[in-house]
Amino acid sequence: MSGAPHSKLVTMENVEFDPRLVQATSVKSADEGVPGRKAAQPKALKITAASSNPKMFTLPWHKPLSQWPDDLLANLPRGISRHVVRFVRVGNDVYAMKEITQSVAQREYELLRQLEKIDVPSVKPIAVVTGRHDRDGKPLEAMLVTEHLKFSLPYRALFARNLREDTADRLIDALAVLLVRLHLIGFYWGDVSLSNVLFLRDADCFAAVLVDAETGELYPQLTEGQREYDIDLARTNIIGELMDLSSGKLLPDDVDEVEVGNRLVDRYHSLWSALTDVESFSPDEMWKIEKRVNKLNELGFDVDELEMNTSEDGNRVRVRPRVVDAGYASRKLLRLTGLDVQENQARRLLNDLDAYRTSTWRQGEDLEIVATDWMREVFEPTVRMIPAEYRSQIEPAQFFHEVLTHRWYLAEKVGHDVPMAEAVNSYIDTVLPQYKLDAKVMDAINADADAGVVDDEASYGDDGYGSDYNPDYDPDAAVWAS
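Reading guide: rules and limits
Residues numbered from 1 in each chain as written. Predicted model: local features only at pLDDT ≥ 70, side-chain atom pairs only at ≥ 80, totals over all residues. Heavy atoms only, no water. Axes fitted to C-alpha atoms, helices over the stretch in contact; angles between N-to-C directions. Helix = DSSP H or I, 4+ residues; strand = E, 2+ residues; numbered from the N terminus. Parallel < 35°, antiparallel > 145°, perpendicular 65-115°, else oblique. Contact = heavy atoms within 4.5 Å. Nonpolar A, V, L, I, M, F, W, Y, C, P; charged D, E, K, R; others polar. Core = buried A, V, L, I, M, F, W, Y, C linked by side-chain atoms within 4.5 Å. Buried < 20%, exposed > 50% of the residue type's maximum accessible area, 1.4 Å probe, protein only. Phe/Tyr/Trp six-rings, centres within 6.5 Å; stacked < 30°, edge-to-face > 60°. Lys NZ or Arg CZ within 6 Å of the ring centre and 35° of its normal. Pairing = 2+ DSSP bridges. pLDDT = per-residue confidence, 0-100. Salt bridge = Lys/Arg side-chain N within 4 Å of Asp/Glu carboxyl O. Expected span 1.5 Å × (residues − 1).

**Description of the packing of helix α9 (residues 367-383) against helix α10 (residues 396-414)**
Right, so step 1: For the pair α9 and α10, interaxial distance at closest approach is 9 Å and the crossing angle is 95°. Our classification of the angle between α9 and α10 gives roughly perpendicular. Contacts between α9 and α10 involve Trp374, Val378, Phe379, Thr382 and Val383 on the former and, on the latter, Pro396, Ala397, Phe399 and Phe400.
Right, so step 2: Of the residues in the contact of α9 with α10, the class split is 8 nonpolar, 1 polar and no charged.

Take a look at the structure:
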């Protein structure tokens, strides 16, 4: 099976990892590599940044984050966190700032850098800020800075809107896909929950993005015990989070919280099986191999190569796919149009591109040429109609998808085709306003987020981990090592 070439693995401390991981920037001091030695607090402000934004140096680092002036803050919905978190305008950018202990900030920054190198859906790390002191010289906590993920929302903000009744199921499906992707590359999460991800609309589905990696760890490969521990923890956390929504009257009455938690387990195992199971075929059933690859592509995953072994008697062929990454449709659309969108959005746009190709009688032309004309004549004129006040709230690809859906409903209602411009105007008038969050709802969401903040210094030991943290804990054995 053709695809991306095999990468040779690089040894890191006698363990083989993807070579891209060793390129991640390190922010650790020399002392941190010595067991039992606590990293020294810098005496002066130190910013280790993956960004060249000069405005970073003008921020009021001498103040606790909770006291930063309102004119610096972006009023966006925040998820529940044990730390103080704020969205801060830094020049033309918006960054998420999180106050946290130095060692945890540095560790999470490095881990997010590693995940970024291997294209895992996670927030982009911008900087670690240490050596913070107030005007009286009292030390302040370090700061982890990540890029605000445009168009994303925490799960509580999604339930605060008028969404479909199956919203909980669709969020769980997105989280299952994310968890499988993370486990495939050897990432043990250790704290899976709805609170630790952000959600992006992806056509009629959602896409989940990891936003909190404090407890995560990368391994060459996860054991079944590590995976099952993550899944069980996810189920427990999700049921609790949904019960909390239910108590706040944000969850539809017919949603069974336990059933939704169980759905995650079922969806995870189903997807993991589809991606990793070894299948056996007879020599005259080789067509099933193509069917298997097509199924994986439909799930959004690329297959790099197939490992095939024939039994000694030659009567059976065992096939194991090597899945390299998700994003089959999105990569195809990116190649054709330059649009970088979510997987289900890409499928919808490719379908519309195919319909355009058929309607213009151009099936014989190169798809690259047709795609250029589709962009100029169909996609771009449509998304230019997004009102200015909504351009920070809905992605162009999602807008286009929802307009197509709205146009279909209009046509079904009137019994004939509806012009695209008419469908866009109708959608803007009747559907798009649902994207706005009421100011009172926004305040309530952020108040809930702040209610979960605890004192890091009291909750974390000198090593920066929680009081119940044990580095010898083995999730595969599910026991505490002595």
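That covers the picture; the talk isn't over yet.
**Description of the nonpolar core**
Right, so step 1: Membership of the largest hydrophobic core comes to 57 residues, with the highest contact counts inside it found for Leu175, Phe187, Trp189, Phe199 and Leu210.
Right, so step 2: Mapped by element, the contributors of at least two residues to this core are α1 (102-117), β7 (142-147), α2 (155-159), α3 (167-184), β9 (197-202), β10 (205-210), α4 (224-247) and α5 (257-276).
Right, so step 3: The element best represented in this core is α3, accounting for 10 residues.
Right, so step 4: Excluding its chain neighbours within four sequence positions, the residues that come into contact with Trp189 are Leu175, Leu178, Leu179, Leu182, Asn196, Val197, Leu210, Asp212, Thr215, Gly216 and Asp230.
Right, so step 5: With 36 residues, the next largest nonpolar core counts Leu349, Phe379, Ile394 and Phe400 among its residues.

**Quick notes on the packing of aromatic side chains**
Right, so step 1: Overall, the coordinates contain 9 aromatic pairs when judged by the stated rule.
Right, so step 2: Counting every residue linked through ring pairs, the aromatic cluster contains Trp374, Phe379 and Phe400.
Right, so step 3: Over the ring of Trp272 we find Arg227; its NZ or CZ atom is 4.1 Å from the centre of that ring.

**Considerations on the pairing of strand β5 (residues 93-100)**
Right, so step 1: With 7 of 8 residues buried, β5 is to be regarded as a mostly interior element.
Right, so step 2: Connecting strand β4 (residues 85-90) to the next strand, β5, in antiparallel fashion are 2 residues, including Gly91 with a positive phi near 65°.

**A closer look at the side chain of His148**
Right, so step 1: Structurally, His148 can be placed in the loop between β7 and α2.
Right, so step 2: Look past the residues within four positions of His148 in its chain and what remains in contact with it is Leu76, Phe87, Val94, Tyr95 and Ala96.

**Looking at the sheet that holds strand β3 (residues 46-49)**
Right, so step 1: One open sheet accounts for 5 strands, arranged β3-β6-β7-β5-β4; its pairing is antiparallel. The strands lining the two open edges of the sheet, one partner per strand, are β3 and β4. Ignoring which end each strand starts from, the neighbouring axes of this sheet average 25° apart.
Right, so step 2: Of the pairings in the sheet, the one linking strand β6 (residues 125-130) to β7 comprises 4 bridges and is antiparallel in character. Opposite Pro125, over in β7, you have Thr146 as the bridge partner.
Right, so step 3: Sitting on the sheet, α1 is in contact with β3, β5, β6 and β7, with an inclination near 160° to β6.

**A look at the confidence of the model for the protein**
Right, so step 1: Confidence in the prediction for the protein averages 79 pLDDT; 74% of positions are at 70 or higher.
Right, so step 2: Every residue in residues 457-473 is under pLDDT 50, and counting partners more than four places away or in other chains gives 30 contacts.
Right, so step 3: Below pLDDT 50 for its whole length, residues 475-482 participates in 16 contacts with residues either more than four positions away or in separate chains.

**Points about the pattern of salt bridges**
Right, so step 1: By the definition in use, this model includes 15 salt bridges.
Right, so step 2: The partner of Glu214 in a salt bridge is Lys98, and the shortest N-O contact between them spans 3.0 Å. Placement of Glu214 in the loop between β10 and β11 (217-218) and of Lys98 in strand β5 is noted, with a sequence separation of 116 residues between them. Per residue, the accessibility class of Glu214 equals that of Lys98, and both read buried.

**Thoughts on helix α8 (residues 343-359)**
Right, so step 1: When the terminal C-alpha atoms of α8 are compared, their 24 Å separation across 17 residues agrees well with the 24 Å that a helix rising 1.5 Å per residue should span.
Right, so step 2: All of the buried residues in α8 are Glu343, Gln345, Ala346, Leu349, Leu350, Asp352, Leu353, Tyr356 and Arg357.
Right, so step 3: Structurally, α8 contributes buried residues whose contacts are with β9, α7 (328-337), α9 and α10.
Right, so step 4: Immediately downstream of α8, the backbone of Trp361 shows phi near 55°, a positive value.

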